[in-house]
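Here are the chains, one letter per residue:
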Amino acid sequence: MASKALVIGLDCAPPQLVFDRWLDELPTIRSLTERGSFGVLRSCDPPITVPAWSVMTSSRSPGALGIYGFRNRRDHSYDGLSFATSRSVRVPRVWDLLSARDRPVIVLGVPGTYPVTPVNGVMVACFLTPDVETSQYTHPPELKDEIAQLVGRYLIDVPDFRTEEKDRLLADLEEMTEKRFRLAEHLLETRPWDLFFMVEMGTDRINHAFWRFTDPEHRLYEPGNSYESAILDYYRRLDERIGRLLRFADDETAVLIVSDHGAKRIDGGVCVNEWLRQEGYLVLKEEPASPSRLTPDLVDWPRTKAWGEGGYYCRLFLNVVGREPQGVIPQADYERVRDELKGKLQALGDEQGRPIGTVAHRPEELYPERNGVAPDLMVYFGDLLWRSVGQVGTGAVHVFENDTGPDDANHAHEGLYLVAGDGVAPGRGSERDIRDIAPTLLTLLGEPVPAEMEGTSLV
Ligand SMILES: [Zn+2]
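The structure presented is a predicted model; accordingly, all values stated were derived computationally and were not measured. (Residues numbered from 1 in each chain as written. Predicted model: local features only at pLDDT ≥ 70, side-chain atom pairs only at ≥ 80, totals over all residues. Heavy atoms only, no water.)

Asks: Residue-level account of unusual backbone geometry, with values.
Replies: Geometrically, the link from Asp45 to Pro46 is a cis peptide bond, its omega value of -5 degrees lying close to zero. You can see Pro46 is positioned in the loop between strand S2 (36-42) and helix H3 (49-58). Of the consecutive residues Tyr114 and Pro115, the connecting peptide bond is found in the cis state with omega at -5 degrees. Relative to the assigned elements, Pro115 resides in the loop between strand S5 (105-108) and strand S6 (121-124). Even without being glycine, Asp160 reaches a positive phi, approximately 50 degrees. Considering the arrangement of structural elements, one finds Asp160 in the loop between helix H6 (143-151) and helix H7 (166-190). Judged by its relative accessible area of 48%, Asp160 is partly exposed. In this structure, Asp383 takes a positive phi of about 50 degrees despite not being glycine. (Helix = DSSP H or I, 4+ residues; strand = E, 2+ residues; numbered from the N terminus. Buried < 20%, exposed > 50% of the residue type's maximum accessible area, 1.4 Å probe, protein only.)

And the structure:
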């Protein structure tokens, strides 16, 4: 039994790169694989940062949490989506359970922790912190000044990662990650802890910004380009930094490396609302003069049956009588229209009509329990090789420029896990579920696993 657990979360880190392609380049991680169990950690549906880290740390599905993406419908009105914050998570996460047992914790940068909540220890909030200067992003509050003294301007996230300024972005990523790990070492040195849980976002940002330079299958890949090794170089420095954190892990400390989902190339974008218009499900009051965001005032609601949201995956909503303010689909027709849309979306090919393998899920097939307002369909275009574009007036269903700036990578369901510690059988293990991590941590730390948790311990 371990008395402590040190968890390093690498947002979006894909097992295909870390374990299959680059393990020999990453001596710290390689040595951990020699004494730990490692493999694919299957993310939740949707495999999106928010909710995935909260799913991992509470062992509850997105349906149970009522968090279906970065943004969620508050109610059945048309005025858009609101951001999920820490307040959206209404079940205890692993640090809450440990705090209640008087065990000290350090929580650093885990997505879904802004605004911060009190813990028995310290918490530094995640990338959703609006502004480190003005936001209260630490527990206790005075930790904020300590961080400023330690690192100067702390970077919660890199500004504007969907950019063509690649050198500027690499410098920002380096600064952010260096400061986060310096802070991690400082907290490990100065605070008591039984659980240390940090998440680095740089691994996600670099995938989105540099995937085209490193993946020969990406449409824009050019052999021998000057950023070919940008992601690997970032991981080499990360591996050194992880090595320095391991100085704080004694024989009694279990060490975990986990990611919330993986990454894959993006082949293009599907303008879901343009497609819905073509098929007669969505009607606008007038033709937009230029590509624009779909806002409720543009829509002729009494003639509209469905609309969709952009993002790494598509949330599709139906306009239902008695549910939406100007619903048109009679309740009795709901399943028929939804099935029709599911079938048509799954048959939608690429710009030349070739099949891309789109999957459209009914939420009730994914989750036994559904809180909040779930989408009517959750659509993975091209099994996530295509993203969803919400704009209208683009003049095409298939686009190859992203409406929010260049982005080369989408999220994949395959994240990774590595668990090293006393009593863990080393070697490549079977695929595990993201909900297995919280029960694993509690078991490693000798604490009971609550019956509501949906996963099972790896140990
Ligand atoms: Zn993520």
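Asks: Quick rundown of the sheet that holds strand S17 (residues 398-399)? Include the residues and the values.
Replies: Ordered by their spatial adjacency, 3 strands build an open sheet running S16-S11-S17, and the pairing between neighbours is mixed. Edge positions in the sheet fall to strand S16 (386-389) and S17, since each has one partner strand and no second. The pairing of strand S11 (residues 268-271) with S16 spans 4 bridges and is classified as parallel. Across the sheet, Val270 pairs through a bridge with Ser388, a residue of S16. (Pairing = 2+ DSSP bridges.)

Asks: Give me the pattern of salt bridges: which residues, what numbers.
Replies: Tallied over the full model, the rule gives 48 salt bridges. Close ionic contact of Arg387 with Asp407 constitutes a salt bridge, the shortest N to O distance being 4.0 Å. Separated by 20 residues along the polypeptide, Arg387 in strand S16 and Asp407 in the loop between S17 and strand S18 (409-412) bring together distant segments of the chain. Across the pair, exposure class does not vary: Arg387 and Asp407 are buried alike. The network of salt bridges with common partners includes Arg60, Glu369, Asp433, Arg435 and Glu454. (Salt bridge = Lys/Arg side-chain N within 4 Å of Asp/Glu carboxyl O.)

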